[in-house]
Amino acid sequence: MSLIKSISGIRGTIGGNVNENLTPVDTVKFASAYGTWLKRNSNNESIKVVIGRDARLSGQMISNLVASTLQGTGINVVDLGLSTTPTVEVMVTHLKADGGIILTASHNPKQWNALKLLNNKGEFISKEEGEMLLDIADNEDFDFVDVDHLGSYSQNSSGIDYHIKKILSLPLVNTEAIKKAKFKIVVDAVNSTGGISVIPLLEQLGVEVIKLYCEPNGHFPHNPEPLEVNLQDIMKKVPEEKADLGIVVDPDVDRLALICEDGSMFGEEYTLVAVADYILSKTPSATVSNLSSSRALKDISESYKQPYAASAVGEVNVVTKMKELHAKIGGEGNGGIIFPELHYGRDSLVGIALFLTFLAEKGISCKSLRNTYPSYYMGKKKIDLNPDVNTDSILKKLTEKYKNENISTIDGLKIDFPKYWVHLRKSNTEPIIRIYTEALSQNEADQLADQFIEEIKNIS
C-alpha cells in the first residue's frame, strides 16, 4: 500500500489500485473533500483556491484533476502552474484566496505525488480541520454544484516573481552586500522548480550561477531528498568550479541544503542554525524547532541569551509554537527555514537570501562559518515490532524508567541527557518505533540508538 492519508493531505504512488495508490479516483475524491470542507466552513459567497505544482512527471495530470474537481464543487481556481510550495503559500494571502493546494510529494522519488492543503492564511490546515476533511472523504459526503454554478479557472504566472520581490524587499536581506560579495554558486535543483525560482533569485542578487540539474522536466537525476548520499555530483562540482558554495533544494523548494567551498556538507541541520544566528545578531527573539532537530539551535539561542523551544514534529506544530512565542525565526532541522516576516512556511528562497546576507556581512567563507558552530552527529534508526505489540505501552514504560531525566512526551518520548539526546516516535501507519539520536560523535549517536533498540526489544 502506497497511499498515505494524513491531516495535512494525501500522498501516494501514481498508478495501481484505488484506495491503495494515488490514482485519478483518489485524487478526485480528496479534492472533492477539500472543496466541500472549504465551502462548509467559509462565509464567502465566492470561494477561491490557489494551486501550484512541482515539476514531477505526474504533476500536470494531477493538477488538471484537482482543478476540474474544485470547479465541480463551485470553487474558482487560480493555477500558478510550475511553482514552489512557499510560493503557493505566499500567493494564497496575496490573492486573498480561501485556501490552496500544492501538488508535490516534496522529497519523495518521482513515482510519488501528493496534495498538500492550505488554509486562507497560506498555512497548512490544522489537525482538527484535517480530521473533518478525512471524514468527508471517507463518507464520500461531497457537495457538487449544477452547471450554472461551476467554478472558474484562470492561470497566473506571476507567483515566483512576486515571491522574489517580497524577499528582496525584506529589511534583513542586504542585497547590496550580497552583490558586492560577488558570490559564485553551484545550484542543484534536481530538475524541478528550483530551476525557475532559485536561479532568478540569485541572478537578481548579482550571483554568478553554475547550473546543475536546473531544467524543470521532472526527470530527477538522483534521489531528490537533499542528503549527503544523494549529493555527490554537486559536492564534486563546487570545488571543481572554485565556487564559494553550493545550494541544493528539494523538488518543491521548501528544504535547503548547503555545500561548503571544499565540497563538504554544511549540514542540513545547520541551515536553520546559521540563519537563526544571523537573525539573532540583528534582533532578540525566541527560536523554535522540532524535537528531532539539532541541539545546536538551542546552543546558538542561549549564546544570545534568548529562549529556545521545541515543538512536536511537523511544520504545523512548529508554526503553532512560533506564534505562541512570537518567534522571529524557526523551522525544522531538515533545512526548513520559517521566517514569519515573510510568511509562516518553510521557504528555501528566503533562507538563501538570509544566509547569503550573513555570509556577505561577515566576510568569511561558508566552511569558516560552519566551523563556528558546535558539531553534533545524528543517528536515525527504527525497530519493527509485531503488529500485536502495544507501542504506547512501550513508550509509557520507558517514560517511567527515565522520569528523572529531562524528558518530553508531547510527541512520543524525547530524553535529553546532558551530552546527547534520544527521541522515540511511533509510526501511525506501521508497527514501528523510529529512533532519532544526537551526540558528539557519529559512533556515539549510533550506539545510543542501538542501546534503545535493545531496551525496546526487552520490553516488548
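Our structure is the block above this text.
Below is a short write-up of the structure. (Residues numbered from 1 in each chain as written. Predicted model: local features only at pLDDT ≥ 70, side-chain atom pairs only at ≥ 80, totals over all residues. Heavy atoms only, no water.)

**A word on the overall build of the protein chain**
Right, so step 1: Each helix and strand counted, the protein chain has 15 helices and 20 strands in total.
Right, so step 2: The C-alpha atoms of the protein chain give a radius of gyration of 22 Å, which matches the 23 Å a tight globule of 460 residues would have.
Right, so step 3: Considering only C-alpha atoms, the protein chain reaches an extent of 65 × 60 × 40 Å along its principal axes.
Right, so step 4: Within the protein chain, the proportion of its 460 residues that are buried is 57%.
Right, so step 5: Counted over contacts in the protein chain with a minimum sequence separation of 6, partners at least 24 positions apart contribute 67%.
Right, so step 6: Of the side chains in the protein chain, 48 bear a positive and 60 a negative charge, and the two mean positions are spaced by 4 Å. (Helix = DSSP H or I, 4+ residues; strand = E, 2+ residues; numbered from the N terminus. Rg over C-alpha atoms; globule rule 2.2 N^0.38 Å. Buried < 20%, exposed > 50% of the residue type's maximum accessible area, 1.4 Å probe, protein only. Contact = heavy atoms within 4.5 Å. Lys, Arg positive; Asp, Glu negative; His and termini not counted. Charge placed at Lys NZ, Arg CZ, Asp CG, Glu CD.)

**A short note on the packing of aromatic side chains**
Right, so step 1: One pass over the structure, following the stated rule, counts seven aromatic pairs.
Right, so step 2: Taking the centre distance of 5.4 Å and the plane angle of 35 degrees together, the rings of Tyr 402 and Phe 452 count as tilted. Linking Tyr 402 in the loop between helix 14 (391-401) and strand 17 (406-408) with Phe 452 in helix 15 (residues 442-459), this pair joins segments that are 50 residues apart in sequence. Just as Tyr 402 is buried, Phe 452 falls in that class too. (Phe/Tyr/Trp six-rings, centres within 6.5 Å; stacked < 30°, edge-to-face > 60°.)

**Brief notes about unusual backbone geometry**
Right, so step 1: Within the chain, Lys 96 stands out as a residue other than glycine whose phi angle is a positive 55 degrees.
Right, so step 2: Accessibility expressed as a relative area gives 71% for Lys 96, which makes it exposed.
Right, so step 3: One non-glycine residue with positive phi stands out, namely Tyr 213, at about 60 degrees.
Right, so step 4: Within the element layout of this structure, Tyr 213 appears in the loop between strand 9 (208-212) and helix 8 (232-240).
Right, so step 5: Judged by its relative accessible area of 25%, Tyr 213 is partly exposed.

**Topic: the packing of helix 1 (residues 24-40) against helix 2 (residues 59-72)**
Right, so step 1: Running from N to C, helix 1 and helix 2 cross one another at 40 degrees; their axes reach a closest spacing of 9 Å. On the basis of their axis angle, the class for helix 1 and helix 2 is oblique. Between helix 1 and helix 2 lies a crossing whose hand is right-handed. Judged by residue contacts, Pro 24, Thr 27, Val 28, Ala 31, Ser 32, Tyr 34 and Gly 35 of helix 1 engage Ile 62, Leu 65, Val 66, Thr 69 and Leu 70 from helix 2.
Right, so step 2: Considered class by class, the residues forming the contact of helix 1 with helix 2 number eight nonpolar, four polar and no charged. (Axes fitted to C-alpha atoms, helices over the stretch in contact; angles between N-to-C directions. Parallel < 35°, antiparallel > 145°, perpendicular 65-115°, else oblique. Left-handed = near helix turned anticlockwise from the far one by under 90°. Nonpolar A, V, L, I, M, F, W, Y, C, P; charged D, E, K, R; others polar.)

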